[in-house]
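# Structural characterization, general
Each chain, written out:
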Amino acid sequence: MPISRPVLAGTLLCALSLTLGAPHAPAQSRSKPALLVFITVDQLREDYLEKWSSQFSGGLKRLVEGGAFFTNAFQDHAITETAPGHASIMSGRFPRSTGITRNVAGVNNDPNAPLIGVNGLSASPFRFRGTTLTDWLTSADARTRALSISVKDRGAILPIGRSKQQVYWYVGNTFTTSRYYGDSLPDWVKAFDARQLPQHYAGKVWDLLLPPASYPEPDSVPIENQGRNFVFPKTLPADSTAAASVLSASPFMDEVLAAFALDGVQQLGLGKGPETDVLAVSFSPTDYIGHAFGSDSREIHDQILRLDRTLGRFLDSLYKLRDPGTVIVALTADHGSTPFPELSQQRYSPPPLRVSSRPAVAAARAVLGAAGADTMAVELESGALFIDASRPGVTPALVNAAADSFVAVARRTPGVLMAERYASLASHDLGKDAIARRWVQMFPPDVPVQAVVTLTRGSYPDPFPIALHGTPHDDDAHVPIVFFGAPFKPGRYAQFTRTVDIAPTLAQALGITPTEPLDGRVLTAALR
Ligand SMILES: [Zn+2]
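Anyway, here's the lowdown on the structure attached to this text.

## Structural notes on the nonpolar core
- If you look at the biggest cluster of nonpolar residues, it comprises 68 residues, and the most contacted ones within it are Val37, Ile39, Phe175, Leu279, Phe314, Val329 and Leu331.
- It is helix H10 (residues 252-268) that provides the largest number of residues to this core, a total of 11 residues.
- Core analysis: the next-biggest nonpolar cluster, separate from the first, contains 46 residues, Ala83, Val167, Ile512 and Leu523 among them.

See below:
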């Protein structure tokens, strides 16, 4: 029994508490899709859908068993963070083309896009370059509308690109947007916020969905959650404001996102045709729970089971509102997750380490300092070394010498797999060398990255106490891709695919043409 049921009952969203129906294939309608539902699960490793599939009974079961499931799919870029991942999935282009290369250079700090009604970081797609599937749809039919929601600004904004659509994220215990999208919140969003659904979870207990014997993972693992509250059950704060502020790190926020999405479909009339509308939902709690407890935890196992149930109720409710034969669904993730190194000593060879890059950065700074240049021109971020040539005293020759020094010291550092000048990576065999390929597909030519460093598989950069992602290794890059609906041939597909292949494949299914060259290819095997 979902413990959220008492919370959702009595809202306008009672449809969410429908009992689960048996999984079924979508109707074989040949009519043009009226609604694309694009689901991103933040930090969903592909193996979660494999190893726990026998315990699925809801939306993940329906999508995986009834859809075209690409099991060998990758975010094929190096910095596997939330912003670049979300920017690639509906653009069909790598970060070197979207310009969204890191979370810290993602959607925030646009002075023209303050939030509406709450304090928080300004956010807009001002760094995003080019178009997305939503732009191709609106080019083909101006009536197309999109709703994109997430807990995170980057998770809501980037799948839609620059299009000024209905885009909302969770700040200050409410859903809001920024002035990039409008001057005020629409009444339906104000009304949803006024219901205070997140606050209703005050005092709610998160306990295991299934009997404890259903979970092979140990529960009491002190490295989880920085040594705090790492066993079941877990209780949300009794204070409603406090509960709402931490809800995103619980499975219950997925229920709120699903309720908000269904409300939006009804209020905006999405998917009634004749045009194709877009509903994009980035379900964020898997990422928050994954960062806290890691990919080996009982918590992430239970979270994925609960996500399965929530997605099942979400799809059941959606298919009551719209003809399933006119709805297509795609599901993927923005990145995966790397286990805690301490839990991977037998899993990978060499055993993973925690690695400090400080000596390598210090070596680069020493080169600048010895020449009287500004040592703060050097910055290492997400494995990429930047040297700001506009800083006092920094010359092109010094940039080269400093970057070479960084690479030399990094290569001598235990736990470093590769360190290299960025310009030389293109000479690798990019078909075989996935690490080099993912770095090459990372940065636009105008981003002045001088060198990159990648640790051995499973190693973490010091000093991060939480579970991490962000590397070019498959732990972080391997994600599921699922297409579901009348245009797709159900089955498991083992061919190598990339998340940039999603948008062109959906465009083909929707009968539209991308308006710019893409990195991705149409996955014709999945199409009827
Ligand atoms: Zn993410």
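## Remarks on the sheet that holds strand E14 (residues 449-455)
- Within the open sheet, the four strands sit side by side as E11-E12-E14-E13. Their pairing is antiparallel. The sheet is open, and its two edges are formed by strand E11 (378-381) and strand E13 (416-421), each paired on a single side. On average, each strand axis in the sheet is inclined to that of its neighbour by 20°, with strand direction left out of account.
- Bridge count between E11 and strand E12 (residues 384-387): four bridges; the pairing is antiparallel. Considered in E12, the bridge of Glu379 is made with Phe386.
- Its contacts with the sheet place helix H13 (residues 358-370) against E11 and E12, and it is angled at close to 160° to E11.
- The strands touched by helix H14 (residues 396-411) within the sheet are E11, E12, E13 and E14, with E13 carrying the most contacts at an inclination of about 165°.

## A look at the pattern of salt bridges
- The final tally for this structure, using the stated rule, is 30 salt bridges.
- For Arg129, the salt bridge identified is with Asp446, shortest N-O distance 3.0 Å. Highlighted residues: Arg129 in the loop between helix H5 (95-98) and helix H6 (133-140) and Asp446 in the loop between helix H15 (434-440) and E14, separated in sequence by 317 residues.
- For Asp446, a relative accessible area of 51% corresponds to the exposed category.
- One salt bridge in this structure joins Arg347 and Asp296, with 2.7 Å as the shortest N-O distance.

## Examining the layout of surface pockets
- By volume, the largest pocket is sized at about 860 Å³.
- Lining the largest pocket are 36 residues, and of these Glu381, Ser382, Gly383, Pro461 and Phe464 lie nearest its centre.
- Those elements that provide at least two residues to the lining of the largest pocket are H13, E11 and E14.
- The biggest single contributor to the lining of the largest pocket is E11, with four residues.
- Size it by volume and the second largest pocket reaches roughly 340 Å³.
- Those elements that place two or more of their residues in the lining of the second largest pocket are strand E6 (205-206), strand E7 (234-235) and helix H11 (285-293).
- Top contributing element to the lining of the second largest pocket by residue count: H11, with four residues.
- Looking at the lining of the second largest pocket residue by residue, the class counts come to 11 nonpolar, six polar and three charged.

## Section: the side chain of Thr413
- Relative to the assigned elements, Thr413 resides in the loop between H14 and E13.
- In this view, Thr413 contacts Val355 and Ser356; residues no more than four positions away in its chain are not counted.

## A short note on the coordination of the zinc ion
- Distances from the zinc ion to its protein donors, Asp42 (OD), Thr82 (OG1), Asp334 (OD) and His335 (NE2), fall at 2.0 to 2.2 Å.
- Taken together, the four donor atoms surrounding the zinc ion define angles of 95 to 137° at the centre, an arrangement classified as irregular.
- Along the chain, the residues that donate to the zinc ion are spaced as D-x39-T-x251-D-H. Of this pair, Thr82 sits in helix H4 (residues 82-89) while His335 sits in the loop between strand E9 (327-332) and strand E10 (354-355); the two residues are 253 residues apart in sequence, bridging distant segments of the chain.
- A relative accessible area of 1% means that Thr82 is categorised as buried.

## A closer look at the packing of aromatic side chains
- The final tally for this structure, using the stated rule, is 21 aromatic pairs.
- Both rings, one in Phe386 and one in Phe443, keep their centres 6.0 Å apart while their planes meet at 85°; by these two values the pair is edge-to-face. Of the two residues, Phe386 is situated in strand E12 and Phe443 in the loop between H15 and E14; the sequence distance between them amounts to 57 residues. Assigned by exposure class, Phe386 and Phe443 land together as buried.
- Judged by centre distance (6.4 Å) and plane angle (10°), the ring pair of Trp439 and Phe443 falls under stacked. Across this residue pair, the class does not change: Trp439 and Phe443 are buried.
- Aromatic ring contacts, followed pair by pair, group Tyr168, Tyr170, Phe175, Trp188, Phe192 and Phe260 into a single cluster.
- Residue placement shows Lys164 over the ring face of Tyr180; its charged tip is 4.6 Å from the ring centre.

## A word on the pairing of strand E8 (residues 277-283)
- Most of E8 sits inside the fold, with seven of its seven residues counted as buried.
- What you see with E8 is no split at all: Asp277, Leu279, Val281 and Phe283 on one side and Val278, Ala280 and Ser282 on the other are buried throughout.
- As judged from the seven bridges shared by strand E1 (residues 35-41) and E8, these two strands associate in the parallel manner. Looking at E8, one finds that Leu36 is bridged to Val278.
- Here strand E3 (residues 146-150) runs beside E8; their pairing, made up of five bridges, is parallel.

## Focus: helix H8 (residues 187-194)
- Along H8, the residues that are buried comprise Trp188, Val189, Phe192 and Asp193. Axial view of H8: buried residues confined to an arc of 140°, hence all on one face. More than 90 degrees from the buried face of H8, the exposed residues found are Asp187 and Ala194.
- Looking at the buried residues of H8, the elements they touch are E3, strand E4 (166-171), strand E5 (174-176) and H10.
- Backbone geometry just after H8 places Gln196 at a positive phi near 55°.

Definitions and cut-offs
Residues numbered from 1 in each chain as written. Predicted model: local features only at pLDDT ≥ 70, side-chain atom pairs only at ≥ 80, totals over all residues. Heavy atoms only, no water. Core = buried A, V, L, I, M, F, W, Y, C linked by side-chain atoms within 4.5 Å. Buried < 20%, exposed > 50% of the residue type's maximum accessible area, 1.4 Å probe, protein only. Helix = DSSP H or I, 4+ residues; strand = E, 2+ residues; numbered from the N terminus. Pairing = 2+ DSSP bridges. Axes fitted to C-alpha atoms, helices over the stretch in contact; angles between N-to-C directions. Contact = heavy atoms within 4.5 Å. Salt bridge = Lys/Arg side-chain N within 4 Å of Asp/Glu carboxyl O. 1 Å grid on protein atoms, 1.4 Å probe; cavity = no way out; pocket = protein on both sides within 12 Å on 5 of 7 lines; lining within 4 Å. Points joined across faces, edges and corners; volume = space filled by probe spheres on them. Nonpolar A, V, L, I, M, F, W, Y, C, P; charged D, E, K, R; others polar. Donors = N, O, S within 2.8 Å, 3.2 Å for Na, K, Ca; no water. Tetrahedral: all angles 85-135°; square planar, octahedral: opposite > 155°, others 65-115°. Phe/Tyr/Trp six-rings, centres within 6.5 Å; stacked < 30°, edge-to-face > 60°. Lys NZ or Arg CZ within 6 Å of the ring centre and 35° of its normal. Arc of directions from axis to C-beta.

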